[in-house]
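These are the residues of each chain, in order.
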Amino acid sequence: MAQITGIVNCLLVGDDVAFTTIDDGTGFTETFILFFGNNPSTDPKARRAQDMWVSLLQEAKAHNLTVIVTPISDDSSYVASVQLGRFESSGSEPL
Amino acid sequence: MQNKKLSAKEVAASTGNDPLMKVFLSPVPKGKGKSVAEHLERLAPGLSKLKLRKVNAIQLTAGSDDDDARWHVVLGPESRVVEGAHKRPNLEIIASEAVLLQVLSGAISPLEAFAGGMLRVRGDIRLANLAAQALQR
């Protein structure tokens with residue numbers, strides 16, 4: 001899956017659309033669609049997730065935090081998930 | 001979460017009058033061609049109108065595997081089409097070959113393909129905007 005890890009370059013939210021551009025730190029950026037009209041869905045659960053993605057990306061942009069954005073497929077710019085921070089152990093490994 | 005193909009009307013209704021996206025609502029000039037390379041050869045002279053400070057390249061990638069087909073246009077006073085990957089393109093458009101053909105033949109607009117979940121854009125979106133404007137002149 002064409003996942004990208006980087007910082008938020010831009011977050012554009014309109015009436016019916018939301019885009020974000022992620023900079024992977026090597027000079028490459030990629031533009032993703034959070035939602036676009038009724039796409040991918042107007043289902044309340046999906047809308048809740050989309051609202052939370054906007055909040056996460058806003059937070060990441062404000063504090064220059066790294067995010068991991070995963071699209072729904074290799075050919076699509078639609079976002080499947082937005083992750084803020086990493087699932088990593090922090091000093092709790094056994095000696 | 002599945003995305004669906006959007007009609008040109010739906011795409012236009014969602015983007016409204018956003019100046020950044022408006023330019024992507026219009027398809028590229030219609031023309032005949034059997035392959036991605038043929039369409040690029042047809043469209044490249046239009047891209048020569050772009051006045052850019054640095055040498056830029058736009059790459060089209062059919063699919064997302066390393067062995068997938070790639071073409072690039074080196075932009076300049078005489079833009080040229082090259083088969084194969086560019087070392088570091090300023091802009092990369094990733095889609096299936098069928099979708100690339102639809103966009104390059106002018107059958108659908110770039111924004112219809114993008115909003116329909118059929119196309120990805122990596123790199124300088126401003127360059128994409130300038131290129132789309134140059135093709136419509």
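Our subject is the structure that appears above.
Residues numbered from 1 in each chain as written. Chains lettered and ligands numbered in written order. Predicted model: local features only at pLDDT ≥ 70, side-chain atom pairs only at ≥ 80, totals over all residues.

Engineer: Got a minute to help me understand the interface of chain A and chain B in this structure?
Structural biologist: Reports of interface size often rely on the accessible area that becomes lost once the parts have come together. Taken together, the contact between chain A and chain B spans 24 residues of the former and 25 residues of the latter. Elements with a minimum of two residues in the side of chain A that touches chain B: β2 (17-23) and β3 (29-36) of chain A. Of all the elements, β3(A) adds the most residues to the side of chain A that touches chain B, at 5 residues. Its residues assigned to classes, the side of chain A that touches chain B comprises 10 nonpolar, 9 polar and 5 charged. (Contact = placed C-beta atoms within 7 Å. Helix = DSSP H or I, 4+ residues; strand = E, 2+ residues; numbered from the N terminus. Nonpolar A, V, L, I, M, F, W, Y, C, P; charged D, E, K, R; others polar.)

Engineer: Honestly, the packing of helix α3 (residues 36-47) of chain B against helix α6 (residues 125-136) of chain B in this entry has me stumped. Any pointers?
Structural biologist: Packed helices, taken two at a time, are described by their axes: the angle between them and the distance between them. Residue and element names in this part refer to chain B. Taken N-terminus to C-terminus, the directions of α3 and α6 make an angle of 95°; their axes are 8 Å apart at the nearest point. Viewed along their axes, α3 and α6 adopt a mutual orientation that is roughly perpendicular. Two secondary-structure elements touch here, α3 through Leu43, Gly46 and Leu47 and α6 through Ala131, Ala134 and Leu135. In terms of residue class, the contact of α3 with α6 is built from 5 nonpolar, 1 polar and no charged. (Axes fitted to C-alpha atoms, helices over the stretch in contact; angles between N-to-C directions. Parallel < 35°, antiparallel > 145°, perpendicular 65-115°, else oblique.)

Engineer: Just checking my understanding: could you explain the nonpolar core for this structure?
Structural biologist: Soluble, globular proteins show a tendency: their nonpolar side chains are buried together. Grouped together as the largest cluster of nonpolar side chains are 54 residues, with contacts concentrated most on A:Ile33 and B:Leu119. The biggest single contributor to this core is β3(A), with 5 residues. Not counting residues within four places of it along the chain, the set of residues in contact with A:Ile33 comprises A:Phe19, A:Ser77, A:Tyr78, A:Val79 and B:Ala115. (Core = buried A, V, L, I, M, F, W, Y, C linked by C-beta atoms within 7 Å. Buried ≥ 20, exposed ≤ 12 C-beta atoms within 10 Å, placed from the backbone.)

Engineer: What should I look at first to understand the packing of α3(B) against helix α4 (residues 97-104) of chain B in this one?
Structural biologist: All names here are of chain B. Interaxial distance between α3 and α4 falls to 10 Å at its minimum, and their mutual angle equals 25°. Regarding the angle of α3 to α4, the classification is roughly parallel. Of the two elements, α3 crosses α4, and the hand of that crossing is left-handed. The segment α3 lies against α4, with Val36, His39, Leu40 and Leu43 engaging Glu97, Leu100, Leu101 and Leu104. (Left-handed = near helix turned anticlockwise from the far one by under 90°.)

Engineer: Please explain the sheet that holds strand β3 (residues 80-83) of chain B as it appears in this structure.
Structural biologist: What links the strands of a sheet is backbone hydrogen bonding, and the strands pair in either a parallel or an antiparallel sense. As summarised here, the arrangement of the 10 strands in space is β5(A)-β4(A)-β1(A)-β2(A)-β3(A)-β5(B)-β4(B)-β1(B)-β2(B)-β3(B), forming an open sheet in which the pairing is mixed. Looking at the sheet topology across the chains shown, the edges are occupied by β5 (79-84) of chain A together with β3 of chain B. In this sheet, neighbouring strand axes are inclined to one another by 30° on average, regardless of whether the strands run parallel or antiparallel. Taken together, the 5 bridges between strand β1 (residues 56-62) of chain B and strand β4 (residues 91-95) of chain B define a ladder with parallel strand orientation. Of the residues in β4(B), the one forming a bridge with B:Ile58 is B:Leu91. Contacts from α4(B) reach β1, β4 and β5 (119-123) of chain B within the one sheet, and its direction differs from that of β1(B) by about 130°. (Pairing = 2+ DSSP bridges.)

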